[in-house]
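Working through the structure, step by step
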Amino acid sequence: MSPSAADNRVLLTVSGMMPADLAAQIAQGRRPRADYEALAEVFSADLLDDAAVARAAGWVGRLLNRALGPRLAMAWRCYLVRHDYDVIVSDGEQIGLPLAAMSWLDLGRRRPAHVMIAHVLSVPKKVWMIRLLRLRRRIDRTIVYSTAQRDFAVDRLHFAPNTVTLTSFMVDTTFFDPHRERGPYVQARPLICSAGLELRDYPTMIDAVHGLDADVVLAAASPWSKRRSGLDGVVLPANVRVVHLDLHQLRQLYARCAVVVMPLVESAFQAGGTTILEAMAMGKAIVCARTAGQTDTIIDGV
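This section reports on the structure supplied with the text. (Residues numbered from 1 in each chain as written. Predicted model: local features only at pLDDT ≥ 70, side-chain atom pairs only at ≥ 80, totals over all residues. Heavy atoms only, no water.)

**Details of the side chain of Ser-194**
Among the structural elements, Ser-194 can be located in strand S7 (residues 191-195). Owing to a relative accessible area of 0%, Ser-194 belongs among the buried residues under this scheme. A distance of 2.6 Å separates the side chain of Ser-194 from the backbone oxygen of Val-261, its partner in a polar contact. Sequence-distant contacts of Ser-194, defined by excluding residues within four places in its chain, comprise Tyr-202, Met-205, Val-217, Leu-218, Ala-219, Val-261, Met-262 and Pro-263. (Helix = DSSP H or I, 4+ residues; strand = E, 2+ residues; numbered from the N terminus. Buried < 20%, exposed > 50% of the residue type's maximum accessible area, 1.4 Å probe, protein only. Polar contact = N/O pair within 3.5 Å; in protein donor to acceptor, adjacent residues only side chain to side chain. Contact = heavy atoms within 4.5 Å.)

Structure follows, in structure tokens:
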């Protein structure tokens, strides 16, 4: 399945809605390049997002969307158009696992190769689904972003080792480039920042910086995570602010800060990876909580 194999017809899912003005935003320097856009270019792939699914849903797709959510509706759409493609790349297991289950309906018939990007497979309901429906037989390649998830897939879920690929997460280093934010920034005190929502432990970080001779900004938002910040009811010290920033403003925050802190609760996957890589691209020192899942991007002392 070489990227140069032009004969391969590839479908790549996008969990969400692609902005109509994506190209304009990137050209104007208002946002980084999207990972799905770069992948589509490399593989000459068609992109399938929520808007495209909604346009072609049909009554079954609308029912699935209403009853079980957009990811299942997207898996169903992939299944319906499967014969138009040689390869389907699902950008998350929320799509990939239902699609693999649906592919059992094609038992004995040709199906496209299925490449599944998997963020966290070690959740009990996913483990149950994979084992009960024997889904590892219906997924040709699984791509993971952490050693912990690769080991779980091989050792606990019995995926063949040669079908599980560990790769690093991604960041647009053209956008997150310190030379694009030259300042000067006038600040009375050092600035500490953190960003994102996935499995963040902001209350502990706030306790740690209480009374510190530094200003702290928490950009507690995410374009894709549905988790809460954990800050409801937390009284913020005078030196801490919680803000919502667009990506250009986030780059400015990184440029101004002295250090980026990644407070995490224990997790078995690469939570915090996006913020960590963005901060690294901006040349910032990072303090990160030690977790089982965040061992590849962050190596203590390196």
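**A word on the packing of aromatic side chains**
Aromatic rings considered in pairs are described by the distance between their centres and by the relative angle of their planes. Scanning all chains against the criterion turns up four aromatic pairs. Ring plane angle 90° and centroid distance 4.8 Å describe the contact between Tyr-145 and Phe-169, whose orientation is recorded as edge-to-face. You can see Tyr-145 sitting in the loop between strand S5 (141-144) and helix H8 (147-156) and its partner Phe-169 sitting in the loop between strand S6 (164-166) and S7, a full 24 residues away along the chain. Both rings, one in Phe-175 and one in Phe-176, keep their centres 4.9 Å apart while their planes meet at 80°; by these two values the pair is edge-to-face. Using a relative accessible area of 2% as the deciding quantity, one classes Phe-175 as buried. Within the aromatic cluster, the residues linked to one another by ring pairs are Phe-175, Phe-176 and Tyr-254. Over the ring of Trp-104 we find Arg-138; its NZ or CZ atom is 4.6 Å from the centre of that ring. (Phe/Tyr/Trp six-rings, centres within 6.5 Å; stacked < 30°, edge-to-face > 60°. Lys NZ or Arg CZ within 6 Å of the ring centre and 35° of its normal.)

**So, the pattern of salt bridges**
On inspection of all chains with the given rule, the structure shows 14 salt bridges. The partner of Arg-33 in a salt bridge is Glu-37, with the nearest N and O atoms 2.8 Å apart. A relative accessible area of 34% means that Arg-33 is categorised as partly exposed. When salt bridges with common partners are traced through the structure, they connect Arg-9, Asp-86 and Arg-110 into a single cluster. (Salt bridge = Lys/Arg side-chain N within 4 Å of Asp/Glu carboxyl O.)

**Comments concerning unusual backbone geometry**
What is expected of a backbone is that most residues other than glycine have negative phi and most peptide bonds are trans. At Arg-134, a residue that is not glycine, the phi angle is positive and equals roughly 50°. Mapped onto the elements of the fold, Arg-134 is located in the loop between helix H7 (124-132) and S5. Judged by its relative accessible area of 40%, Arg-134 falls in the partly exposed class.

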